[in-house]
Structure formats: structure tokens, C-alpha cells
Amino acid sequence: DDALAADPTQATIDKASANIKTLENHLNSLEKSLTRARDDIFSPAPAESYQLVERLRGLVQTWKRTAAQKNIAVKSGMDFGFKRYVAPNAEPPRQAAVSPLWKQACVLNYITKKLFECKTEQSPMAIVNVQREVLDSENEAKKATTQRRMTLSERRAAARMAMMRGSGDNSETFTVDQNITARKPGSLDTLAYRFTFAGHTDILRRFLNLLKNFDAMLVVRSIDVVPADQSVDQILNSKPEDEETAGLEAIFGATETADDQQSTQGGEGDQAKSETSGDGAADLAAQEQLEKIKTPVVTGNLSKFSVVIEYVEVVKEPPEKAVKKAK
């Protein structure tokens, strides 16, 4: 009798179900208001892996072409996180990874467009690296591939791909820090990206302002700022049409050209001429102008920014199924 008395009645069950339905509708309303640009971000995924590779190659070429049109320097050989798939003779992903990879690429395309919008004629800008987080479906496909014994040619191909992927800041993939991620198994899923770019502070400010429009569920998880180093100067000074030379300079350091030497020697000659031409008003003005050129402009210094961004999605699957899938 006590058990039957404590057992919920049908009226109680109906009331609880109505409450759940109300909460679901409210959640859907909130999500819709925070993802107003969803239809602009996502498009149907390709059906086959080879179609995905062609689309990724098209996106990478579009990004590079847009950067060149906007006078944004891009590090030579960078493929915006998808080198393992768009490189010549690269192995296409397994079928299970096609849809998740396209979804990841769509979000990356949306964020990259916002980054391009931050360029102005007055401010130089360079994209040092764009990294994406490796998806679970890619790891599962990799495990399935390594179950069998690889041939010598396959091992060599894997070694070449590992060299292309690189490590650290030169890698086109990264792992988001578990201390900063918004991901929570069974509740929130995220797609993580890291953008490393250089320019003046106003570029970073414009980028963050564009991200806070809440037309998509994008969350900035971390921002690192350091002074721009020599590698940034090499990217800014490299010629887009001569990627091979730019890549060698990035490895061995830029060398002084004949024009640079002539310019330097010319500057020294002008200074010597100014010093020996007398102490008239013209010589004094020339000397003052030379001192102004030598004086560094601190406010014009370039910085290198590293911004980690996550695209957040609410998990709507049943809790047990969602947690099992996350594991």
C-alpha cells in the first residue's frame, strides 16, 4: 500500500511531461536566437570522401585568394588545418568522418571570413597559422586503418604525412586545453579552432567585436598576445607568387637583397654628405629629419595574437546515449 501510494499517478506523469516539453521548447527558442546565421554557415555535406576532398581544396584556395585580394599575408604552405586531406596524393578520410569534417569546415569558413573582415588599408596583417582540433571520427578511422599490417610504401606515406603535419605552433591541428574548453559530455559539444595572426591591436579588437554578435554560438576561450617576431616579418615580406622562396626564408631566415644593401649604403652616404656639407639651415633640417626616421614608433609595433574559439552545440540526445557516444 505504501509503495502504491508513493507511485506517481498518471496525472503527475502528464504534468511532468508537459514541463519537459515546455523546457524543450524554451531551449530550442534560445538556441535559435543564438544561431541566427545557421542557414548561412552550414550546407549539405558531400556524399563521398573524394567529394569532400575536392570541396576542402576549393575552400582552401578561396581563402588564399581572398587573403591575397585583401592584402593579407598568409604563411607559405599553410592549408588552414586541412593539409592531411588537401595535400597532393593525400589519403581521403573514411566515410564516417565525411559529415563531421564538412561541418567543421563550414564553421571554420564562417570564422575565417570574419577574420578577413578585420583587415584595413592602414594596418598590415599576416595569418601565421589556422589550426583545428582533430575529430573523434578521424581518430576512429585511424585506429581502424592501423589494425592491419602496413606495407613499406604505406609506412613511408604515413611518415611523410606526419612530417607535413609537424608539431607545436607549426602543426595544423591542436588539442584544446581541458581547463578552458566549454565541452561537457552529454550536455555540450564543441568544435575548437586556434587562429594565430599578426597585426596591430585594432585588428584583434575588430575580430572580437565581430565574434560577439551572437549570430552563431561562438565562444572565445583564450587569447595570447606576444610581440611579433622575425617569422612574422618574413610572412609579411614574402611574395605570394613565389611561395617556394618564402618557405625557404621561413626556414633559414631572410637574406639581405642587393636593393636593401644599396638602400643602406645610400642612407649612410646621405648622412655623411649631410655632415660634411656645412652647418647651414638646410643641413640642420636634414639631420633632424634623419633623427626622426631613426626614432622607433612604439605605437606602430606589430603583435602576434593566438585566439582559441569554440563553436558550441547543445546535446539533445537522451543522456545515456549522448554520454556513451562521447566516451
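Everything numeric here is computed off the predicted structure, so don't read it as measured data. (Residues numbered from 1 in each chain as written. Predicted model: local features only at pLDDT ≥ 70, side-chain atom pairs only at ≥ 80, totals over all residues. Heavy atoms only, no water.)

## Let's talk about helix H10 (residues 230–237)
One full turn of an α-helix is made of 3.6 residues, so residues set three or four places apart face in the same direction. Heads up, the condition is: Categorising residues by exposure relies on relative accessible area from a 1.4 Å probe, with only protein chains included: less than 20% of the type maximum marks a residue as buried, more than 50% marks it as exposed, and the intermediate range marks it as partly exposed. What counts as a helix is a DSSP run of H or I of at least four residues, what counts as a strand is a run of E of at least two, and both are numbered from the N terminus. Directions drawn from the helix axis to the C-beta atoms are what define this arc.
Along H10, the residues classified as buried are Val232, Gln234 and Ile235. Considered in projection along H10, the buried side chains sweep an arc of 160° and stay on one side of the axis. Facing away from the buried surface of H10 by more than 90 degrees, the exposed residues are Gln230 and Asn237.

## Quick notes on the pairing of strand E2 (residues 125–133)
What counts is decided by this rule: When DSSP finds two or more bridges between two strands, those strands count as paired.
By the criterion of burial, E2 is predominantly enclosed, with 9 of the 9 residues buried. As paired strands, strand E1 (residues 73–74) and E2 are joined by 2 bridges and run parallel to one another. If you follow Val74 over to E2, its bridge partner there is Ile127. Sheet topology note: the E2/strand E4 (residues 188–199) ladder contains 7 bridges and is antiparallel. Residue pairing across strands places Ile127 opposite Phe197, the latter belonging to E4. As defined by bridge partners, E2 adjoins strand E3 (residues 173–174) across 2 bridges and the pair is classed as parallel. Across the sheet, residue Glu133 finds its bridge partner in E3, namely Phe174.

## Quick notes on the packing of helix H6 (residues 98–116) against helix H9 (residues 201–211)
Spelled out, the test is: A fitted line through C-alpha atoms serves as each axis, taken over the contacting stretch for helices, and the angle formed by two N-to-C directions is quoted from 0 to 180°. For classification purposes, angles smaller than 35 degrees are called roughly parallel, those larger than 145 roughly antiparallel, those between 65 and 115 roughly perpendicular, and all remaining angles oblique. Each crossing gets its handedness from the near helix: less than a right angle anticlockwise from the far helix is left-handed, clockwise is right-handed. In this analysis, two residues are considered to be in contact whenever any of their non-hydrogen atoms come within 4.5 Å of each other. Residue type decides the class: Asp, Glu, Lys and Arg count as charged, Ala, Val, Leu, Ile, Met, Phe, Trp, Tyr, Cys and Pro as nonpolar, and the leftover types, Gly among them, as polar.
Interaxial distance between H6 and H9 falls to 9 Å at its minimum, and their mutual angle equals 140°. Considering their axes alone, H6 and H9 lie oblique with respect to each other. Like other packed secondary-structure pairs, H6 and H9 cross with a definite hand, here right-handed. Across the interface between the two elements, Ile111, Lys114 and Leu115 from H6 touch Phe207, Leu210 and Leu211 from H9. Per-class residue counts for the contact of H6 with H9 are 5 nonpolar, no polar and 1 charged.

## Concerning the environment of Ala105
Counting through the fold element by element, Ala105 comes out in helix H6. We classify Ala105 as buried; its relative accessible area is 0%. Taking the C-alpha atoms as reference points, Ala105 and Ile41, 64 residues apart in sequence, are found 9.7 Å from one another. Look past the residues within four positions of Ala105 in its chain and what remains in contact with it is Leu56, Leu59, Trp63 and Phe82.

## With respect to the packing of helix H4 (residues 49–69) against H6
Where H4 contacts H6, the two axes come as close as 11 Å, and the packing angle between them is 5°. For the element pair H4 / H6, the angle class is roughly parallel. For the pair H4 and H6, the contacting residues are Ser49, Leu52, Arg55, Leu56, Leu59, Trp63, Thr66 and Ala67 in the first and Val98, Leu101, Trp102, Ala105, Leu108, Asn109, Thr112 and Phe116 in the second. Among the residues making up the contact of H4 with H6, the classes are represented as 11 nonpolar, 4 polar and 1 charged.

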